[in-house]
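The lines below spell out each chain.
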Amino acid sequence: MTDTDLRTLANELETTMTLVRDLVHEVQVGPCRQRLQGRLVELADRLAGRPDLTELPVMIVRAYSGLTEALGGIRVSREAIQSYAADRITRSQARLNEVSSATESATLELMNGIDRALAIIDELGREEQPADDTSARINTLRDELNQLFGHLQFQDITAQQIAGVAAALEEIEHQVQAVAMLFDQREIAGMVSAAPVAPAPPVSTAKLNYNADASFDRSTHRQAQADQAFAQAVNPRP
Amino acid sequence: MKCLVVDDSATMRRIVVNALKSLGHNDLVEATDGTDALTKVDESIEFIITDWNMPSMGGLELVKALRGDPKTASTPVMMVTTRSVEQDILQAAEAGVNGYILKPFTPQVLQDKINQILAAVQ
């Protein structure tokens, strides 16, 4: 039903109700009242007691206009939500991927540099007959570089954390889309019946290729706890 | 000792390989995940170090596959992972790993754990 159709119907209803009102008034106070008996008089009296319905069409039209305006506002909000959230989430995901990629590249470059340095150290060790203290310094330098290599584990841990954040963002995007669908005007008008958006089935963390809870903690206490848990798992105490 | 290093992260593979080399282990093979590892493992592999979270086939599945094959059923396997939850450690132990190291690790921890495992299996 279009806006025009509704207004036409409202006008017709208003006209009809006006006629009914006039009829009731005629029956009640008109010159023919004394001649009318029984049921007609009773009906007229009852109609007279009812609320004035001539205002009803106006009220309906006014309410319809209000609803249309509200739905229009909601649609604008929905589109804004979709556009803003989707855009921000997409850009955030892209940024995260960029960070992950950049750290991997940087890490690989660092490792390449360390490899070259180690190769130089090996050459120094082969080409000369160093004094004891020089050998000790070379060994110390080698140990330092190897330790540095170990520090680069941050890249793997960071990548896993970032993967976890990216997955969370994807889930947020999914939920935002579901909320935005709730405000779809077509669905409200009954023209489209949207299937309820079921939450994504939980994925076993054991099957993911990342651990969102990856930690940078290098404490010996953490490894000791893992050792204890492993020992208990292998040889359970009764 | 010939080692197989399994990790989907190229960075981590290099770190583990470097740590093993610094400890004197130079006969090394690398794999990018469990599926790749199964194509490269054979009786010549004396020790396997694997990550947990990998695409295609993760570390846990890999360990179960290794333990299910008579050729690799007794090959020492060490899990090197960020997963520190007790339930995960239990799962790994039940799957048949011989040792469990948390990332980030130091070369000394790696060496100590390798020595522990080799001493236990001999």
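Look a little higher up for the structure.
The rules behind these values
- Residues numbered from 1 in each chain as written.
- Chains lettered and ligands numbered in written order.
- Predicted model: local features only at pLDDT ≥ 70, side-chain atom pairs only at ≥ 80, totals over all residues.
- Heavy atoms only, no water.
- Core = buried A, V, L, I, M, F, W, Y, C linked by side-chain atoms within 4.5 Å.
- Buried < 20%, exposed > 50% of the residue type's maximum accessible area, 1.4 Å probe, protein only.
- Helix = DSSP H or I, 4+ residues; strand = E, 2+ residues; numbered from the N terminus.
- Contact = heavy atoms within 4.5 Å.
- Pairing = 2+ DSSP bridges.
- Axes fitted to C-alpha atoms, helices over the stretch in contact; angles between N-to-C directions.
- Salt bridge = Lys/Arg side-chain N within 4 Å of Asp/Glu carboxyl O.
- Arc of directions from axis to C-beta.
- Right-handed = clockwise from strand over helix to strand, strands pointing away.
- Parallel < 35°, antiparallel > 145°, perpendicular 65-115°, else oblique.
- Left-handed = near helix turned anticlockwise from the far one by under 90°.
- Nonpolar A, V, L, I, M, F, W, Y, C, P; charged D, E, K, R; others polar.
- Buried area = accessible area lost by both parts, 1.4 Å probe.

Novice: So what about the nonpolar core? Which residues, and what values?
Specialist: Among the nonpolar cores identified, the biggest contains 28 residues, and Leu4(B), Val6(B), Ile48(B), Met79(B), Ala92(B), Val97(B) and Tyr100(B) are the most heavily contacted of them. When residues of this core are traced back to their parent elements, those giving at least two are α7 (220-234) of chain A together with β1 (3-6), β2 (28-31), α3 (59-68), β4 (77-81), α4 (86-95) and β5 (99-102) of chain B. Setting aside residues up to four positions removed in sequence, Leu4(B) forms contacts with Val29(B), Glu30(B), Ala31(B), Ala37(B), Val41(B), Ile45(B), Phe47(B), Ile48(B) and Ile49(B). Counting 25 residues, the second largest nonpolar core, distinct from the first, contains Met111(A), Leu145(A), Val16(B) and Leu110(B).

Novice: Could you give an account of the sheet that holds β2(B), naming the residues involved and the relevant values?
Specialist: All names here are of chain B. Spatial strand order, β2-β1-β3-β4-β5: five strands in an open sheet with parallel pairing. The strands lining the two open edges of the sheet, one partner per strand, are β2 and β5. Sheet twist, expressed as the average angle between the axes of neighbouring strands with direction ignored, equals 20°. Taken together, the three bridges between strand β3 (residues 47-50) and β4 define a ladder with parallel strand orientation. When the bridges of β4 are listed, Ile48 appears paired with Val77.

Novice: Describe in detail the pattern of salt bridges, supporting the description with residues and values.
Specialist: Residue and element names in this part refer to chain B. Overall, the coordinates contain 10 salt bridges over all chains when judged by the stated rule. In this structure, Glu30 and Arg13 form a salt bridge, with 3.0 Å as the shortest nitrogen-oxygen distance. With a gap of 17 residues between them, Glu30 in strand β2 and Arg13 in helix α1 (residues 10-22) connect regions that are remote in the sequence. Given a relative accessible area of 34%, Glu30 falls into the partly exposed group.

Novice: Go over α4(B), please, and point to the residues and values.
Specialist: Here α4(B) has its buried residues at Asp88(B), Ile89(B), Ala92(B), Ala93(B) and Ala95(B). Buried residues of α4(B), seen end-on, are gathered within an arc of 160° and therefore sit on one face of the element. Along α4(B), the residues that are exposed and aim more than 90 degrees away from the buried face are Glu86(B) and Glu94(B). Looking at the buried residues of α4(B), the elements they touch are α7 of chain A together with α3, β4 and β5 of chain B. Of the residues one or two after α4(B), Gly96(B) is the one with positive phi, at around 115°.

Novice: Would you mind going over the pairing of β3(B) in detail, with residue names and values included?
Specialist: Residues in a regular strand point their side chains to alternate faces of the sheet. Residues and elements named next belong to chain B. Residues Phe47 and Ile49 line one face of β3 and the alternating positions Ile48 and Thr50 line the opposite face, and both faces are buried. By the bridge criterion, four bridges tie β1 to β3 in an arrangement that is parallel. Within β3, the residue paired with Val6 across the bridge is Thr50. This β-α-β element, β3 to α3 to β4, shows right-handed connectivity.

Novice: Go over the pairing of β5(B), please, and point to the residues and values.
Specialist: All names here are of chain B. Residue alternation in β5 divides its side chains into two sets, Gly99 and Ile101 and Tyr100 and Leu102, and both sets are buried. Where β4 and β5 come together, four bridges link them in parallel fashion. Looking at the pairing, Thr81 lines up with Leu102 of β5. Considered for its hand, the β-α-β crossover made up of β4, α4 and β5 is right-handed.

Novice: Requested: an account of the environment of Arg75(A), with residues and values cited.
Specialist: Residues and elements named next belong to chain A. One can find Arg75 in helix α3 (residues 56-127). According to the relative accessible area criterion, Arg75 is partly exposed, its value standing at 31%. Linking Arg75 and Met181, residues 106 residues apart in sequence, is a C-alpha distance of 9.9 Å.

Novice: Report on the packing of α3(B) against α4(B), specifying residues and quantitative values.
Specialist: All names here are of chain B. Between α3 and α4, the shortest axis-to-axis distance is 9 Å and the interhelical angle comes to 20°. With respect to their mutual orientation, α3 and α4 come out roughly parallel. Taken as a pair, α3 and α4 cross one another with a handedness that is left-handed. Seen from α3, the contacting residues are Leu60, Val63, Lys64 and Arg67; seen from α4, they are Gln91, Ala92 and Ala95. In the contact of α3 with α4, the residues fall into four nonpolar, one polar and two charged.

Novice: Describe the packing of α7(A) against α4(B), with residues and values.
Specialist: The geometry of α7(A) relative to α4(B) is characterised by a closest axis approach of 9 Å and an angle of 45° between their N-to-C directions. If you check the angle between α7(A) and α4(B), you find them oblique. For the pair α7(A) and α4(B), the sense of crossing is right-handed. When α7(A) is examined against α4(B), the residues Ala226(A), Ala229(A), Phe230(A), Ala233(A) and Val234(A) are found in contact with a partner set consisting of Glu86(B), Ile89(B), Leu90(B) and Ala93(B). Of the residues that constitute the contact of α7(A) with α4(B), the class distribution is eight nonpolar, no polar and one charged.

Novice: Now, about the interface of chain A and chain B: what can you tell me, with residues and values included?
Specialist: The parts lose accessible area when they come together, and the size of an interface is often stated as this lost area. Taken together, the 35 residues of chain A in the interface contact 32 residues of chain B. Both faces combined, the contact of chain A with chain B buries some 2,900 Å², and carbon together with sulfur accounts for 55% of it. In this assembly, chain A and chain B are joined by three salt bridges. One salt bridge in this structure joins Lys103(B) and Asp156(A), with 3.0 Å as the shortest N-O distance.

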